[in-house]
Amino acid sequence: MDYKNFAKIYDRFMSHCNYDEWTDYVKSKIIEYNPHGKNLLEVGCGTGEIILRLKNLFKCSGLDLSEDMLKIAHKKLKNMNIPLFLGDMREFDTGEKYDIVVALFDTVNHLTSLEDLEDFFDSISKNLNPNGILIFDVVDRKFMDEMFPNSIYYDNREDMTIIWELFREDDLDIIEATYFIKSKTGYFEKLEEVYEKRLFSEYEIRTKIEKNKLNLLCIDKSVKIAGERDFYIVKKM
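For every chain, the first residue of the written sequence is number 1, and numbering continues from 1 onward in sequence order. Where local features are concerned, this predicted model is filtered to residues with pLDDT of at least 70; where side-chain atom pairs are given and counted, the filter is 80 or more; whole-chain, interface and lining totals use all residues. Note: side-chain values were computed over all heavy atoms of the structure, leaving out hydrogens and water.

So, the overall build of the protein
Next, step 1: Helix and strand definitions follow DSSP, with helices as H or I runs of at least four residues and strands as E runs of at least two, each counted in order from the N terminus. The number of helices and strands found in the protein is seven helices and 11 strands.
Next, step 2: Taking the principal axes of its C-alpha atoms as reference, the protein extends roughly 55 × 45 × 30 Å.
Next, step 3: Think of it in three bands: residues with accessible area under 20% of the maximum for their type are buried, residues over 50% are exposed, and the middle band is partly exposed, with areas taken using a 1.4 Å probe on protein chains only. Within the protein, buried positions represent 52% of all 237 residues.
Next, step 4: Taking as baseline every contact in the protein between residues at least 6 positions apart, the subset at least 24 positions apart corresponds to 61%.
Next, step 5: Accessible area for the protein stands at about 12100 Å²; split by element, carbon and sulfur atoms hold 47% of it. A contact between two residues is defined here by any heavy atoms of the two lying within 4.5 Å. All accessible-area figures derive from a Shrake-Rupley calculation using a 1.4 Å probe, and residue coverage is judged against the displayed protein chains alone.

Observations regarding the pattern of salt bridges
Next, step 1: Salt bridges are counted wherever a side-chain nitrogen of Lys or Arg sits within 4 Å of a carboxyl oxygen of Asp or Glu. This structure, assessed with the given rule, holds 25 salt bridges.
Next, step 2: A salt bridge links D20 to R53; the nearest nitrogen and oxygen atoms lie 3.0 Å apart. With a gap of 33 residues between them, D20 in helix α2 (residues 19-33) and R53 in helix α3 (residues 49-54) connect regions that are remote in the sequence.
Next, step 3: Overall, the relative accessible area of 31% leaves R53 in the partly exposed class.
Next, step 4: Salt-bridge contacts for D155 lead to R157; the nearest nitrogen and oxygen are separated by 2.9 Å. The residues D155 and R157 share a single accessibility class, namely buried.
Next, step 5: Residues joined by salt bridges that share partners form a network here, namely D11, D20, E49, R53 and K76.

Thoughts on the side chain of D116
Next, step 1: Tracing the chain through its elements places D116 in helix α5 (residues 114-127).
Next, step 2: Classification of D116 by relative accessible area gives buried; the value is 10%.
Next, step 3: In terms of polar contacts, D116 uses its side chain to reach the side chain of R90, at 3.3 Å.
Next, step 4: Only 3.3 Å separates the side chain of D116 from the side chain of T112, close enough to count as a polar contact.
Next, step 5: When residues no more than four places from it in sequence are discounted, the contact partners of D116 are R90 and L111. Whenever a nitrogen or oxygen atom comes within 3.5 Å of another N or O atom, the pair is scored as a polar contact, on the condition that within protein one atom can donate a hydrogen and the other can accept it, and that pairs from neighbouring residues in sequence are kept only if both atoms are in side chains.

With respect to the packing of aromatic side chains
To describe a pair of aromatic rings, one takes the distance between the centres and the angle between the planes.
Next, step 1: Between rings of Phe, Tyr and Trp, where Trp is taken as its six-membered ring, a pair exists when centres lie within 6.5 Å; planes separated by under 30 degrees are stacked, by over 60 edge-to-face, and by other angles tilted. For the coordinates displayed, the defined rule picks out 18 aromatic pairs.
Next, step 2: Note on F6 and Y179: the rings are 5.9 Å apart at their centroids and 10 degrees apart in plane angle, and the pair reads as stacked. Of the two residues, F6 is situated in helix α1 (residues 4-13) and Y179 in strand β8 (residues 172-182); the sequence distance between them amounts to 173 residues. The same class applies to F6 as to Y179, namely buried.
Next, step 3: Where W22 meets F105, the ring centres are 4.2 Å apart and the plane angle is 40 degrees; that geometry is what we call tilted. A residue pair is termed long-range when its members are at least 10 positions apart, and W22 in helix α2 and F105 in the loop between β4 (98-103) and α5 qualify at 83 residues.
Next, step 4: Here a set of aromatic residues connected by ring pairs shows up, and it is made of F6, Y10, F13, F148, Y153, W164, Y179 and Y195.

In structure tokens form, the structure reads like this:
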């Protein structure tokens, strides 16, 4: 999944997102669990909005699987000396170790197997400094059912219409996305893409964390940031 079409409209799609709330949460957990942390990597950095808000507090880097997302992030972060890496969160090595890694907006749910989840935590362990922390969030079935009543997510705006259809196949949620995007000439362009998500249980996440010699510090069940979701704070000992 390279999110080529989603990248074209991602910032418009996320225009209602309160990035400041997400950033404030991350900062609060860093202060609580690793107040001296300096180097920060955002895994699944998208178009760079979180990094924009953290760049004055930390030495930031970003990693994403989508080249198209990173092209937009590069433009936003131009001349800011912020490294951006094209890479897979299941296996990456930027050549640097980090005090803090964050993976937000249910990025971890885009892993599609337990093997992927284990590989992710293995990469995190290899790329964190001792006492470094990982902050990530995941959503569950309740969240998906509320987002997709009757298996449909529909969002009609002045400049675009979004239709996501949800199908369940074995352990995966398959999202068939259709976008109708208004161009500068007033015509609507139709874009289509397919996404896959997996809803991991707390037991599955805990097991894979422990297997990779990481320490689960806490699970925050938040209802204030973008619906009900669980935030995990993990530390490398």
